Amino acid sequence: MKIDLLAFGPHPDDVEMGCGGLLIKLKKIGYKTGIIDLTRGELSSNGDIKTRTKETQAASEVLEIDVRENLNLQDGNIINDIESRNRIIEMLRKYRPKMVLFPYYKDRHPDHENAHKLIKDSVFISGLVRYQTSLDFFRPDIVLNYMLHFEFIPSFIVDIADELEKKVEAVTAYKSQFFSNFEKDVVTHISTKSFNDILHTRAKYFGLKINSSAGEAYFTHSKIRVNNPMEFFNYVKY
């Protein structure tokens, strides 16, 4: 199966937080979407792998994604070695996505930062003709970074006014991780009500920047080509 948009997350729930709105938006239009989780989040302070797996399934159903796989890398020890790169490359060459998303290079969690470099390098190497695997070479045309904890200056903001509540539903499907009635062993940064509120306040903040009620921020190193500025900014002829 070829996938239009493939999002990579260091842990289950990262993609939902960072680009869940975009996945929902593009799925509604008719694009095929998918998620590749690098780890199972086995170092999570709350819940266990069994619980996390059930929550991941629930979130996937909310997002209505076409495919989700887990690479079983080691939580807390994501490293940029040949074995890890080959697992990423296998997914890129298998699904041949037009667009790839992964975390911004700077973040509070070392797995998020390490995942950025790992995926960035894998995207490049996947496109090398002479780098041989069981699948043909491939490199996606669009590479974007989504926002987790660190707030960068976005290259652009996607309007997710119609997708926000469904995005929040997907994130909060991880009841063991976020604010809910699930009994927590440890109160963590992300399990507080304050963090739960951020899902709405951040979306409203970026929405305000684009004259919408909710927005989702993205960064790209590539220059954005615009053929018709009037059409790009959603203006029509008189």
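This structure is a prediction, so every number in the text was calculated from the model and none was measured.

Caption draft 1: Spatial organisation of helix H5 (residues 164-171). Those residues of H5 that fall on the buried side of the exposure criterion are Leu 164, Lys 167, Val 168, Ala 170 and Val 171. Seen end-on, H5 carries its buried residues on one side only, within an arc spanning 160°. In this structure, the buried side of H5 is in contact with helix H1 (14-29), helix H2 (49-63), helix H6 (193-209) and strand S7 (215-219).

Caption draft 2: Up close: the environment of Gly 21. If you trace the backbone, Gly 21 turns up in helix H1. Overall, Gly 21 belongs to the buried group, its relative accessible area being 0%. Leaving out residues up to four positions away in the same chain, Gly 21 has contacts with Ile 160, Glu 163, Lys 167 and Glu 216.

Caption draft 3: Quick peek at the sheet that holds strand S1 (residues 5-9). Strand order in this open sheet of seven strands is S3-S2-S1-S4-S5-S7-S6, and the pairing throughout is mixed. Looking at strand neighbours, the two that pair on one side only are strand S3 (67-70) and strand S6 (156-159), the edges of this open sheet. Neighbouring strand axes in the sheet, compared pairwise and without regard to direction, differ in orientation by 30° on average. Where S1 meets strand S2 (residues 33-37), five bridges bridge the pair, whose relative direction is parallel. Within S2, the residue paired with Leu 5 across the bridge is Thr 33. Each of S6 and S7 is contacted by H6, which is oriented at about 80° to S7, the strand it contacts most.

Caption draft 4: How the structure looks around the side chain of Asn 196. Relative to the helices and strands, Asn 196 resides in helix H6. Overall, the relative accessible area of 17% leaves Asn 196 in the buried class. If sequence neighbours within four positions are ignored, Asn 196 has contacts with Thr 172 and Phe 179.

Caption draft 5: Spatial organisation of the packing of aromatic side chains. Following the criterion strictly, the structure yields nine aromatic pairs and no others. Ring plane angle 50° and centroid distance 4.6 Å describe the contact between Tyr 104 and Tyr 105, whose orientation is recorded as tilted. Among the residues examined, Tyr 104 registers a relative accessible area of 10% and is labelled buried. In this arrangement the basic side chain of Arg 139 is found over the ring face of Phe 124, its NZ or CZ atom lying 4.5 Å from the centre.

Caption draft 6: Structural view of the pattern of salt bridges. This model, assessed by the stated rule, comprises 14 salt bridges. As a salt-bridge pair, Glu 16 and Arg 68 come within 2.8 Å of each other at their nearest N and O atoms. Of this pair, Glu 16 sits in helix H1 while Arg 68 sits in strand S3; the two residues are 52 residues apart in sequence, bridging distant segments of the chain. Asp 197 is paired through a salt bridge with Lys 193; the nearest N and O atoms lie 3.3 Å apart. Remark: Lys 193 and Asp 197 occur in helix H6; sequence separation between them is four residues, near one turn of the helix. Residue Asp 197 is classed as partly exposed on the basis of its relative accessible area, which comes to 32%. Ionic contacts of the salt-bridge type, sharing partners, join the residues Glu 16, Asp 37 and Arg 68 into one network.

Caption draft 7: Representation of H2 within the structure. Taking 1.5 Å of rise per residue, the 15 residues of H2 would be expected to cover 21 Å, and the 21 Å separating its terminal C-alpha atoms lies within 8% of that figure. Listed in full, the buried residues belonging to H2 are Arg 52, Glu 55, Thr 56, Ala 59, Ser 60, Val 62 and Leu 63. Angular distribution of buried residues about the axis of H2 spans 155°; they occupy a single face of the element. Exposed positions of H2 whose direction lies more than 90 degrees from the buried face are Lys 50, Lys 54 and Glu 61. For H2, the N-terminal cap is Asp 48; the gap from its side-chain oxygen to the backbone nitrogen of Lys 50 is 3.3 Å. Of the residues flanking the end of H2, it is Glu 64, one or two places downstream, whose phi is positive at about 60°.

Rules used in this analysis
- Residues numbered from 1 in each chain as written.
- Predicted model: local features only at pLDDT ≥ 70, side-chain atom pairs only at ≥ 80, totals over all residues.
- Heavy atoms only, no water.
- Buried < 20%, exposed > 50% of the residue type's maximum accessible area, 1.4 Å probe, protein only.
- Helix = DSSP H or I, 4+ residues; strand = E, 2+ residues; numbered from the N terminus.
- Arc of directions from axis to C-beta.
- Contact = heavy atoms within 4.5 Å.
- Pairing = 2+ DSSP bridges.
- Axes fitted to C-alpha atoms, helices over the stretch in contact; angles between N-to-C directions.
- Phe/Tyr/Trp six-rings, centres within 6.5 Å; stacked < 30°, edge-to-face > 60°.
- Lys NZ or Arg CZ within 6 Å of the ring centre and 35° of its normal.
- Salt bridge = Lys/Arg side-chain N within 4 Å of Asp/Glu carboxyl O.
- Expected span 1.5 Å × (residues − 1).
- Polar contact = N/O pair within 3.5 Å; in protein donor to acceptor, adjacent residues only side chain to side chain.

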